[in-house]
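Read off the chains here:
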Amino acid sequence: MAPSTTLCLAISPQARVSYIALSTIGRRSFQISSKHKSDSGGSRFYRTDLGNHGYSGEYEPGLPMRGPLGTTSDVGAPPFTPKDLKQRLDEYVVGQERAKKVLSVAVYNHYQRVQEICRQEDEQERLKVQAQRRQQAQRHPVEDEFPGQQPTMKVYSPPSLESQATEPLHDYSPPQIDKSNVLLLGPSGVGKTLMAKTLARTLDLPFSMSDCTPFTQAGYIGEDAEVCVHRLLAAANYDVAAAEQGIICLDEIDKIATAKMSHGKDVSGEGVQQALLKIIEGTTLQIQAKPERRDNGRSPGNLPNSLGGGPGPGPPPPGSGGKGEVFNVRTDNILFICTGAFVGLHKMILDRISKGSIGFGASVRGSDIESGSHETMMKGEDALFKKHLPFYVSPSQSSDLAPHAKPPTNTYNMLDLVTPADLQKYGMIPELVGRIPLHCALSALDEESLVRVLTEPKDSLIRQYERLFQLSGIELRFTSGALREIAKSAKGMGTGARGLRTVLERLLGECQFETPGSNTKHILVTQAVAQLKGAPVYFARGQRENFQRWIEEEDRRWQREIGGEVVEGNVVSTFEQYRRGATGAM
């Protein structure tokens with residue numbers, strides 16, 4: 001026999017302690033689990049030894065949650081809210097509170113609707129993949145691996161009488177959310193187009209704006225109605241999936257109203273409205289990408305380098321659709337925002353609510369020459385407007401008034417009373433009016449609103465011209481009286497906020513020609529300059545103190561004119577301070 005061999009292993013004290021601890025934990029866990037199995041009587045729910053709580057359920061991905069979190073949203077929190085969109089609009093648009101709220105809610109609902117559609121598509125794809133996995137799990141091991149094998153015979157069993165009974169059809173598909181297109185009405189220059197452009201810069205959605213004026217019926221000279229979808233596809237870099245979730249703004253939609261034709265066919269009115277019906281409702285359009293134009297002749301883009309011309313046009317960028325490529329775009333999920341001035345619509349509204357000039361004691365309706373674009377605004381008549389107003393307006397706060405004080409006269413926008421019948425009378429076909437369910441009117445801008453347009457927005461005209469002169473090293477300032485005179489002149493033009501740029505160009509045209517490159521470092525526009533009674537005041541280098549002193553004197557004189565008291569040393573340094581002071585004094 002071979003001698004026995006004894007193997008000796010040296011175990012460190014640390015390893016010995018670890019082994020003892022692990023064996024103790026394992027023995028205790030086995031005893032606890034055996035005890036729980038005996039106590040539960042074979043149930044699949046076991047109690048833990050930590051908090052003495054039972055397992056309340058199981059979690060499976062893809063199924064709705066239960067318990068306290070069962071009512072939470074399964075799509076997550078949206079990146080913005082309607083209040084966030086309105087705050088963004090407040091930075092660029094003055095006034096128009098109701099229009100901002102309506103447009104913010106419409107865009108927010110469109111974003112939520114798009115996210116819900118994407119979630120439902122992902123859910124359908126997940127269920128499809130799950131069904132394929134189940135089918136693969138029940139496949140035949142021989143027939144699927146070896147296609148040449150004889151298929152297994154399936155014995156036919158006649159259906160029972162219970163299975164032949166007709167069962168009611170059930171639709172378990174989730175509810176579909178329809179889109180709500182928006183129609184913005186209002187005079188020219190009140191911010192309809194600006195609000196749409198501001199939201200386009202804010203949202204991460206494709207956006208395009210099309211003017212309805214050149215639209216004609218298919219086959220006639222002009223642009224087809226499908227051009228608006230083509231522009232949206234180009235704005236999305238020819239990404240069809242992104243374009244199908246975008247926003248299209250149809251500007252000047254009132255220009256396609258039906259016109260009374262003595263002879264011929266109205267190809268730019270009712271014909272365009274008929275073409276827009278299916279596009280707004282939802283259809284599939286075939287959009288052909290326009291190929292890149294290559295002009296072999298001489299043009300500014302392909303002149304020789306020796307003559308100052310740059311290189312010729314290169315190949316089309318990637319994703320531009322290529323030459324003659326056709327895209328199928330569905331418009332079911334595209335939101336349409338329509339804007340228009342609808343000149344003369346307020347007269348039809350007045351006729352409908354019996355606000356004419358027939359009968360004794362009736363107020364005579366006439367156009368106010370000084371009102372400009374304020375023909376759609378009317379003061380007083382509270383009971384009449386509240387009777388026909390299609391939305392609720394909270395009552396005005398009159399608690400701060402004296403007991404015998406006369407309440408202030410309210411100003412109403414007659415376009416707020418618009419109904420689908422008024423739009424049909426104006427020339428819009430009922431099918432198109434029914435596809436744009438949400439109507440909102442914008443109010444005309446008064447003198448105070450025009451002053452706010454000059455100073456408050458981020459890209460206000462005053463800041464634009466100040467920056468323009470600053471690029472030439474010149475400081476431009478406006479006095480309080482000059483701002484008021486500029487707003488008063490623009491109000492009489494009847495073009496809304498667009499008239500402000502016209503007035504400023506007339507005032508600063510000579511300055512923009514004379515001062516660049518000269519020794520002028522400061523330019524002051526006073527009230528007399530805005531009234532065209534004098535030229536802007538120029539100050540050279542080193543005359544900044546005189547420049548500041550002149551501004552203080554002009555502000556004091558303006559305060560005396562409006563009846564306010566001037567506090568020594570209290571100089572208006574910002575436009576917001578001026579606006580609050582002028583409003584309180586008036």
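Anything mentioned here points back to the structure above.
Residues numbered from 1 in each chain as written. Predicted model: local features only at pLDDT ≥ 70, side-chain atom pairs only at ≥ 80, totals over all residues. Heavy atoms only, no water.

### Quick notes on the environment of Leu454
Selection criterion: Only DSSP runs of H or I covering at least 4 residues are called helices, and only runs of E covering at least 2 are called strands; the numbering of each starts at the N terminus. Each residue's exposure class comes from its accessible area (1.4 Å probe, protein chains only) as a fraction of the maximum for that residue type: buried when under 20%, exposed when over 50%, partly exposed otherwise. What makes two residues a contact is simply this: any of their non-hydrogen atoms within 4.5 Å.
Examined against the element boundaries, Leu454 turns out to sit in helix H13 (residues 447-455). Judged by relative accessible area, Leu454 falls into the buried class, the value being 0%. Between the C-alpha atoms of Leu454 and Ile486, which are 32 residues apart in sequence, the distance is 9.1 Å. Discounting residues that sit within four places of it in the chain, Leu454 has contacts with Ser460, Leu461, Ile462, Leu483, Ile486, Leu500 and Leu504.

### What to know about the state of the cysteines
Condition: Cysteine sulfur atoms that come within 2.5 Å of each other are treated as a disulfide pair.
All told, the structure shown has zero disulfides when counted by the stated rule. In this structure Cys338 is a free cysteine whose sulfur lies 6.9 Å from that of Cys212, the closest cysteine sulfur available.

### Section: the packing of helix H2 (residues 82-90) against helix H5 (residues 192-202)
Worth spelling out the cut-off: Here an angle of 0 to 180 degrees is reported between the N-to-C directions of two axes, which are lines fitted to C-alpha atoms, with helices fitted over the stretch in contact. These descriptions rest on fixed angle ranges, namely under 35 degrees for roughly parallel, over 145 for roughly antiparallel, 65 to 115 for roughly perpendicular, and the rest for oblique. For any helix crossing, the convention is left-handed if the near helix is rotated counterclockwise from the far helix by under a right angle, and right-handed if that rotation is clockwise. Lys, Arg, Asp and Glu make up the charged group, whereas Ala, Val, Leu, Ile, Met, Phe, Trp, Tyr, Cys and Pro make up the nonpolar group; the residues left over, Gly among them, are polar.
Two numbers describe how H2 lies on H5: the axes approach to 10 Å, and their chain directions differ by 120°. The angle between the axes of H2 and H5 places the two elements in the oblique class. In this structure, the crossing between H2 and H5 has a hand that is right-handed. Where H2 abuts H5, its residues Leu85, Arg88 and Leu89 lie against Met195, Thr198, Leu199 and Thr202. Grouping the amino acids of the contact of H2 with H5 by side-chain chemistry returns four nonpolar, two polar and one charged.

### Let's talk about the pairing of strand S3 (residues 247-251)
As a reminder of what qualifies: When DSSP finds two or more bridges between two strands, those strands count as paired.
For S3, the buried fraction is high: five of the five residues fall into the buried class. Neither face of S3 is left uncovered, since the one carrying Ile247, Cys249 and Asp251 and the one carrying Ile248 and Leu250 both have all their residues buried. Pairing of strand S2 (residues 207-211) with S3, which is carried by five bridges, proceeds in the parallel orientation. When the bridges of S3 are listed, Asp211 appears paired with Asp251. Bridging between S3 and strand S6 (residues 335-340) involves four bridges; their strand directions are parallel. Bridged to Leu250 within S6 is Cys338.

### Digging into the layout of surface pockets
Note the threshold: Lining residues are defined by having an atom within 4 Å of a point belonging to a cavity or pocket. Those points lie on a 1 Å grid over the protein atoms alone, cavities being sets where a 1.4 Å probe fits but cannot get out and pockets being open sets with protein on both sides within 12 Å along at least five of seven lines. Grid points are joined across faces, edges and corners, and a volume is the space filled by probe spheres set on the points.
Roughly 700 Å³ of internal volume is contained in the second largest pocket. Around the second largest pocket, the lining is made up of 26 residues, and of these Gly189, Gly191, Leu194, Ala497 and Arg498 lie nearest the centre. Elements represented by at least two residues in the lining of the second largest pocket include exactly H5, helix H14 (461-470) and helix H16 (498-514). The biggest single contributor to the lining of the second largest pocket is H5, with five residues.

### With respect to the nonpolar core
Side chains that are nonpolar tend, in soluble globular proteins, to be buried together. Here is the rule: By nonpolar core is meant a set of buried Ala, Val, Leu, Ile, Met, Phe, Trp, Tyr and Cys residues that side-chain atoms within 4.5 Å join together.
Ranked by size, the top nonpolar core spans 55 residues in total, and within it Phe478, Ile486 and Leu508 carry the most contacts. The greatest single-element share of this core, amounting to seven residues, is contributed by helix H3 (residues 97-137). Apart from the residues lying within four places of it in its own chain, the contact partners of Ile486 are Leu454, Phe478, Leu500, Val503, Leu504, Leu507 and Ala530. Among the nonpolar cores identified, the runner-up in size contains 52 residues, and Ala243, Val329, Leu345 and Val433 belong to it.

### Some words on the environment of Glu226
Within the secondary structure layout, Glu226 lies in the loop between S2 and helix H6 (227-235). For Glu226, a relative accessible area of 37% gives the class partly exposed. Through-space distance from the C-alpha of Glu226 to that of Ile287 is 8.2 Å; in sequence the pair is 61 residues apart. Those residues within four positions of Glu226 in sequence are excluded, and the remaining contacts are Ile279, Leu285 and Ile287.

### Observations concerning the environment of Ile429
Looking at the secondary structure, you find Ile429 in the loop between helix H11 (420-426) and helix H12 (430-434). Since its relative accessible area comes to 6%, Ile429 is described here as buried. The spacing of Ile429 and Leu277 is 152 residues in sequence and 9.9 Å in space, taken between C-alpha atoms. With residues up to four places along the chain from it excluded, the contact list for Ile429 reads Thr258, Glu270, Gln273, Gln274 and Leu277.

### Examining empty space enclosed by the protein
Enumeration over the complete set of coordinates arrives at two cavities of 30 Å³ or more. Of the pockets and cavities examined, the largest cavity occupies roughly 50 Å³. In this structure, the largest cavity is lined by Leu183, Ile253, Phe342, Leu423, Met428, Val433, Ile436 and His439. In the lining of the largest cavity, the residues fall into seven nonpolar, one polar and no charged. Of the volumes computed, that of the second largest cavity is approximately 40 Å³.

### Some remarks on the sheet that holds S3
An order of S2-S3-S6-S1-S9 is seen for the five strands of this open sheet, with the pairing classed as parallel. The outermost strands of the open sheet, each flanked by one partner alone, are S2 and strand S9 (438-441). The average angle at which neighbouring strand axes cross in this sheet is 20°, direction not considered. In the sheet, strand S1 (residues 182-185) pairs with S9 via four bridges, with the strands oriented parallel. Paired with Leu183 across the two strands is His439, which belongs to S9. Most of the contacts of H5 go to S2, to which it runs at about 155°, and overall it touches S1, S2, S3 and S6.

### Re the packing of aromatic side chains
The cut-off we apply is this: Here is the rule: rings of Phe, Tyr and Trp (six-membered ring for Trp) pair when centre to centre is within 6.5 Å. Planes less than 30 degrees apart are stacked, more than 60 are edge-to-face, and the remainder are tilted.
With the rule as written, the count across this model stands at six aromatic pairs. Judged by centre distance (6.4 Å) and plane angle (70°), the rings of Phe80 and Tyr108 are edge-to-face. Here Tyr108 lies in helix H3 and Phe80 lies in the loop between helix H1 (13-40) and H2, a separation of 28 residues in the sequence. Residue class for Phe80 comes out buried when judged on its relative accessible area of 13%.

### Concerning the sheet that holds strand S12 (residues 537-540)
Across the sheet, which stays open at both edges, the three strands sit in the order S10-S11-S12 with mixed pairing between neighbours. Unpaired on one side and paired on the other, strand S10 (475-478) and S12 mark the two borders of the sheet. Averaged over all pairs of adjacent strands, the angle between strand axes in this sheet comes to 20°, irrespective of strand direction. Pairing between S10 and strand S11 (residues 520-525): four bridges, direction parallel. Directly across from Glu475, in S11, lies its bridge partner His522. Together, S10, S11 and S12 form the strand contacts of H16, whose direction differs from that of S10 by roughly 145°.

### As for H6
The complete set of buried residues in H6 reads Cys228, Val229, His230, Leu232 and Leu233. Residues of H6 that are buried make contact with S2, helix H7 (240-243), S3, helix H8 (270-281), strand S4 (284-288) and strand S5 (326-330). Downstream of H6 by a residue or two, Asn237 has a phi angle that is positive, lying close to 60°.

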